[in-house]
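What follows is each chain in one-letter form.
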Amino acid sequence: MNFFGLGKKKSPSPQELWRLIRSDLEKLEKLDPTAADSKHQIDKLNKDAAERLTQVLSHLPLATDYEDKQLPSDEARDAIVSSMLSDDTLVMIARDLGKYEFEVKRLVSQIFSNLMTAKEEESGKRPALEYVLNHKTLIDHLVAGYEASASGKQPTTVPHVGEMLRACAGYDELVRYVLETGHVYRLIDAVKLQNFDVASDAFVSLREFLVKKKNASAEFIQDHFDEFFDKYWEILNTSNYVTVRQSLKVLSELLLDRTFLRPMLKYVKNEKFLMLHMDQLRNESKAIAFEAFHLFKIFVANPQK
């Protein structure tokens, strides 16, 4: 029996806690999951990492708690955030996410989402945004997670890569990065994959990066009009009913928004697109025909016809 707390294990400092998490994950990276003698060690490292990540999460309020308000400074939270953004551990996590057990992936994605919404009380700066801008390979790894999950070469990282990726979609600079590096086309390719879970989550991410920051998206589509719509029509021409219907909805959402006026006018001048949508009006699915009709009305109402 312990009296007055004697003999109790001292809790690690925020810096030490993050160092221990990195150590656990680095050891996991080096182990062969197919080796029988590695299973116990892998389970132990995942368990330790999950426990420590839970401690980290306890210092970070939910992402919704940050909405449009600055939380008062908290020494423990500030120390944790500072430690997490002081090295490339988050990049390593994004790269190796498929090597971790579900609970570790769940905790990591939640922590990252919370980090992306946090801002400093006095300056209003968002330190995690600055971190990602200086470590853009983190986004590269997250986008690659869709392809890796569909390949079957590693345990799936969906929906966790999607949650982390969409946490970046609220920032103009990161949206522009995803668009201008061609990652948006990789997301379109992921939507076409046969793996339903991967394709569905990739579509949610694609929509977020096209719709959430409309000025950036409209500029990109206007500047890369032919390339973008050639690629986007690849998903509109698939045989997957859900994908086609959702893609038509997003296209309507874009073209009917005044932010997209210039791309819209260019789109409705293109006879090829008119013929494609007219063909969709004859689709055996009433839902697809209905969505196509909304787009057809944009051609009819074209002020420059």
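Nothing here was measured: the structure is a model prediction, and the numbers come from that model. (Residues numbered from 1 in each chain as written. Predicted model: local features only at pLDDT ≥ 70, side-chain atom pairs only at ≥ 80, totals over all residues. Heavy atoms only, no water.)

A word on the overall build of the chain. A count of helices and strands for the chain gives 17 helices and 0 strands. Looking at the 305 residues of the chain, the share that counts as buried comes to 47%. The long-range fraction of contacts in the chain, counting pairs at least 24 apart against all pairs at least 6 apart in sequence, stands at 71%. By element, 51% of the accessible surface of the chain is carried by carbon and sulfur atoms, the whole surface being about 16000 Å². Charge-centre separation for the chain: the mean point of 42 positive side chains lies 3 Å from the mean point of 46 negative side chains. (Helix = DSSP H or I, 4+ residues; strand = E, 2+ residues; numbered from the N terminus. Buried < 20%, exposed > 50% of the residue type's maximum accessible area, 1.4 Å probe, protein only. Contact = heavy atoms within 4.5 Å. Areas by Shrake-Rupley, 256 points an atom, 1.4 Å probe, with all protein chains shown as cover. Lys, Arg positive; Asp, Glu negative; His and termini not counted. Charge placed at Lys NZ, Arg CZ, Asp CG, Glu CD.)

Below, the discussion takes up helix α6 (residues 127–134). Turning to α6, its buried residues are Ala128, Leu129, Tyr131 and Val132. Viewed along the axis of α6, the buried residues span an arc of 160°, placing them on a single side of the element. Tucked into the core, α6 has its buried residues touching α3 (75–84), α4 (89–96), α5 (102–117), α7 (137–151) and α9 (172–180). (Arc of directions from axis to C-beta.)

Per the counting criterion, the structure on display carries 1 cavity of 30 Å³ or more. Estimated volume of the largest cavity: approximately 30 Å³. If you trace the largest cavity, you find it lined by Trp18, Leu53, Met84, Leu90, Ile93, Val108 and Ile111. If you list the elements that add at least two residues to the lining of the largest cavity, you get α4 and α5. The class makeup of the residues in the lining of the largest cavity is 7 nonpolar, no polar and no charged. (1 Å grid on protein atoms, 1.4 Å probe; cavity = no way out; pocket = protein on both sides within 12 Å on 5 of 7 lines; lining within 4 Å. Points joined across faces, edges and corners; volume = space filled by probe spheres on them. Nonpolar A, V, L, I, M, F, W, Y, C, P; charged D, E, K, R; others polar.)

Below, the discussion takes up the packing of α9 against helix α12 (residues 214–223). Contact pair α9 / α12: the axes reach a minimum separation of 9 Å and the direction vectors enclose 25°. On the basis of the axis angle, α9 is roughly parallel to α12. In this structure, α9 meets α12 at a crossing whose hand is right-handed. Contact residues: α9 offers Asp172, Val175, Arg176, Leu179 and Glu180, while α12 offers Ala216, Ser217, Glu219 and Phe220. When grouped by side-chain class, the residues that make up the contact of α9 with α12 number 4 nonpolar, 1 polar and 4 charged. (Axes fitted to C-alpha atoms, helices over the stretch in contact; angles between N-to-C directions. Parallel < 35°, antiparallel > 145°, perpendicular 65-115°, else oblique. Left-handed = near helix turned anticlockwise from the far one by under 90°.)

Tallying each qualifying case throughout the model produces 10 aromatic pairs. Their ring planes at 10° and their centres at 6.3 Å tell us that Trp233 and Phe273 sit as a pair that is stacked. Of the two residues, Trp233 sits in helix α13 (residues 225–236) while Phe273 sits in helix α16 (residues 271–280), which places them 40 residues apart along the sequence. With relative accessibility at 2%, the residue Phe273 sits in the buried group. Joined through ring pairs, the aromatic side chains of Phe225, Phe228, Phe229, Tyr232, Trp233, Tyr267, Phe273 and Phe299 make up one cluster. (Phe/Tyr/Trp six-rings, centres within 6.5 Å; stacked < 30°, edge-to-face > 60°.)

Further remarks concern helix α11 (residues 196–211). Taking 1.5 Å of rise per residue, the 16 residues of α11 would be expected to cover 22 Å, and the 22 Å separating its terminal C-alpha atoms lies within 8% of that figure. Considered for burial, the residues of α11 that qualify are Val198, Ala199, Asp201, Ala202, Phe203, Ser205, Leu206, Glu208, Phe209, Leu210 and Val211. (Expected span 1.5 Å × (residues − 1).)

Taken together, the side chains of Glu120, Glu121, Glu122 and Glu130 define an acidic patch exposed on the protein surface. Looking at the secondary structure, you find Glu120 in the loop between α5 and α6. (Patch = residues over 30% accessible without salt bridge, like charges linked within 9 Å, V, L, I, M, F, W, Y side chains within 5 Å. Salt bridge = Lys/Arg side-chain N within 4 Å of Asp/Glu carboxyl O.)

Its place among the elements puts Glu208 in helix α11. If near-sequence neighbours (up to four positions away) are discounted, Glu208 is found in contact with Arg166 and Ala169.

Before going further, it helps to spend a moment on unusual backbone geometry. Both trends apply: most residues other than glycine have a negative phi, and most peptide bonds are in trans. Looking along the chain, the bond that leaves Val158 and enters Pro159 is cis, with omega of 10°. By the secondary structure assignment, Pro159 is in the loop between α7 and α8 (160–166).

Once that is clear, we can look at the environment of Thr259. Within the element layout of this structure, Thr259 appears in the loop between α14 (241–255) and α15 (261–268). Sequence spacing of Thr259 and Glu130 is 129 residues, and the spatial spacing of their C-alpha atoms is 27 Å. Discounting residues that sit within four places of it in the chain, Thr259 has contacts with Lys214, Asn215 and Ala218. A polar contact of 2.7 Å, which involves the side chain of Thr259, links it to the side chain of Asp257. (Polar contact = N/O pair within 3.5 Å; in protein donor to acceptor, adjacent residues only side chain to side chain.)

Attention now goes to the pattern of salt bridges. Scanning the model with the defined rule gives 25 salt bridges in all. With a closest N to O distance of 3.1 Å, Arg282 and Asp279 form a salt bridge. Judged by relative accessible area, Arg282 falls into the exposed class, the value being 62%. By sharing partners, the salt bridges in this structure join Glu29, Arg95, Asp96 and Lys99 into a single network.

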